[in-house]
Amino acid sequence: MSERHMSQTSGQVAFGSATGKAIVAAAVLGSGMTLLDGTVVNVALRTIGEDLDASLAELQWINNGYLLTMSALILLGGSLGDRYGRRRVFVIGSIGFAAASLLCGVAPNATFMIGARILQGIGAALLTPGSLAMIQGAFEPGSRARAIGAWSGLGSIAAAVGPFVGGALVDYASWRWIFLINLPLAAMTVVIAQRSVPETRDPAAPDRFDVSGAVLAAVALGGVTYALIEWGGALAPVAGVLGVVTAVGFLVVERRGRQPMMPLVMFADRTFSAANAMTFLVYAALGAVLFFLVLQLQTVGGFTALEAGTATLPIVLCMVFLASRGGALGQRIGPRIPMTVGPIVMGLSSLLLLRAGRDVNYWLDVLPGLTLFGLGLALMVAPLTATVLAAAPDQHAGIASGVNNAVARAGSLLAVAALPVMVGLGGDDYADPAVFDGAFRSATMICAGLLVLGGVVSWFTIPGSFEEAADPDSSAL
């Protein structure tokens, strides 16, 4: 029997085989596009705003439109892959992501760009869960850890080169190329996936999907986001009420539905709820810190796009080289201490970034703070993921990971929407050094408070060992 035929059955592919290499390559290329996109857009925001004559609110939507649809639909995307085929949905998502990237690259104005970014988020919601699910479903059990490790390590490279690529394209070509570069990447992804990646499905996957839950989640996040970004506008109160009402509707649907995309029973576990609450706080602050810092370095510090993009590289390097060590430490001493110390270190180190003013010196004013910030993040991430998975029943492990991913993205989405309003930014203030400098300082202090609060939540709610986290009797509400 040929390797291609054998691999149609779940869990048959070996790591070193030709098919195994193709699966990893397709998964890395697909997820790498989304990672690259996530790092390069922040770098280009100021230039995009100037070229498209965009307001700060429109820049927020360019950032948040993508996060909105991705965070609302990523669980549905995973379910579709399990039911109709992980490769099929992954390929559809890759094509959709590329098509939306083309629209972003040719956008004539900010409104068109926002619409294209919303479509891009839909494509990402389909391909992102599929990249890991293809590996989990196709590889034999003994090869999965190596395959996932290769996927994670190679994917980290995409995140690491993102600031260089984005900054160089903005400075020496055009910001439009940060989107157009996705087209050849997507083409390679689709060709490899179609030719060499076996199709896998979950035989126990439900034949019905929680479409109503996905729609309500998107409307809820969209309504609240609109109200925060457009605060003071005539439609903002209406959007806010709509967001709250649909959020309640989402909870009702998830509670009563036969096959909900987010089983609320998981939140009856105190550890699971606490870990996700901490995730929301930490990733809200993380998204906002990066959003404000990159603009601060360009608007106030006079950095080029390339310089501002590469400035954040210490965080990526800490994650690439130290996240696994943080996971090993968590295994030895339990999750509570890493999940407490990590966010607090991030919070205190973010205060060092307040030195990034008009006469900023990168080596003295930015590098120390970002390095410590990255160390705190690397200490926290693996124990957090392990705690979320340990607290969920085995049959809900995939859903638990997806929920935590969606919570992280929603936190970043809402923070980037709310903080500019809270610190008094509006219009084209992002281009005014005097105004933006003061707003950056206020936003950074708020983010530091959120991070420290995340550490405090962990200390009082996260158990001292993974065994305790996995014990439903010790962590039930």
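We now turn to the structure provided with this report. Being a predicted model, the structure only gives us computed values, none of them experimental.

1. Focus: the side chain of Ser458
Here is step 1 of the chain: Mapped onto the elements, Ser458 comes out in helix α17 (residues 433–461).
Here is step 2 of the chain: Given a relative accessible area of 0%, Ser458 falls into the buried group.
Here is step 3 of the chain: In this view, Ser458 contacts Met278, Arg336, Met339 and Thr340; residues no more than four positions away in its chain are not counted.

2. Comments concerning the environment of Gln136
Here is step 1 of the chain: As for its position among the elements, Gln136 is in helix α5 (residues 110–138).
Here is step 2 of the chain: Residue classification places Gln136 among the partly exposed positions, given a relative accessible area of 40%.
Here is step 3 of the chain: With 64 residues separating them in the primary sequence, Gln136 and Thr200 have C-alpha atoms 9.5 Å apart.
Here is step 4 of the chain: Look past the residues within four positions of Gln136 in its chain and what remains in contact with it is Arg144 and Ile148.

3. Here we look at the side chain of Ser17
Here is step 1 of the chain: Position of Ser17 among the secondary structure elements: in the loop between α1 (3–6) and α2 (18–52).
Here is step 2 of the chain: Given a relative accessible area of 13%, Ser17 falls into the buried group.
Here is step 3 of the chain: A polar contact is formed between the side chain of Ser17 and the backbone nitrogen of Gly20, at a distance of 3.0 Å.

4. Some words on α5
Here is step 1 of the chain: Its 29 residues place the ends of α5 42 Å apart at the C-alpha level, agreeing with the 42 Å of an ideal helix rising 1.5 Å per residue.
Here is step 2 of the chain: Along α5, the helix axis deviates most sharply at Ser131, where the bend reaches about 30°.

5. Notes on the pattern of salt bridges
Here is step 1 of the chain: One pass over the structure, following the stated rule, counts 6 salt bridges.
Here is step 2 of the chain: Put simply, Asp437 and Arg441 hold a salt bridge, and the shortest N to O gap is 3.5 Å. Within this pair, Asp437 and its partner Arg441 are both found in helix α17, separated by 4 residues, close to a single helical turn.
Here is step 3 of the chain: On the basis of relative accessible area, Arg441 is assigned to the partly exposed category, the value being 26%.

6. So, the packing of aromatic side chains
Here is step 1 of the chain: In this structure the tally under the stated criterion is 8 aromatic pairs.
Here is step 2 of the chain: Taken together, a centroid distance of 6.4 Å and an interplanar angle of 70° make the contact between Tyr66 and Phe97 edge-to-face. Within this pair, whereas Tyr66 is found in helix α3 (residues 56–84), its partner Phe97 is found in helix α4 (residues 86–105), the two being separated by 31 residues in sequence. The same class applies to Tyr66 and to Phe97, which are both buried.
Here is step 3 of the chain: Geometrically, the ring pair formed by Phe291 and Phe292 is edge-to-face, given 5.5 Å between the ring centres and 80° between the ring planes.

Here is what the cut-offs are and how they apply
- Residues numbered from 1 in each chain as written.
- Predicted model: local features only at pLDDT ≥ 70, side-chain atom pairs only at ≥ 80, totals over all residues.
- Heavy atoms only, no water.
- Helix = DSSP H or I, 4+ residues; strand = E, 2+ residues; numbered from the N terminus.
- Buried < 20%, exposed > 50% of the residue type's maximum accessible area, 1.4 Å probe, protein only.
- Contact = heavy atoms within 4.5 Å.
- Polar contact = N/O pair within 3.5 Å; in protein donor to acceptor, adjacent residues only side chain to side chain.
- Expected span 1.5 Å × (residues − 1).
- Bend = angle between axes of the 7 residues up to and from the residue.
- Salt bridge = Lys/Arg side-chain N within 4 Å of Asp/Glu carboxyl O.
- Phe/Tyr/Trp six-rings, centres within 6.5 Å; stacked < 30°, edge-to-face > 60°.

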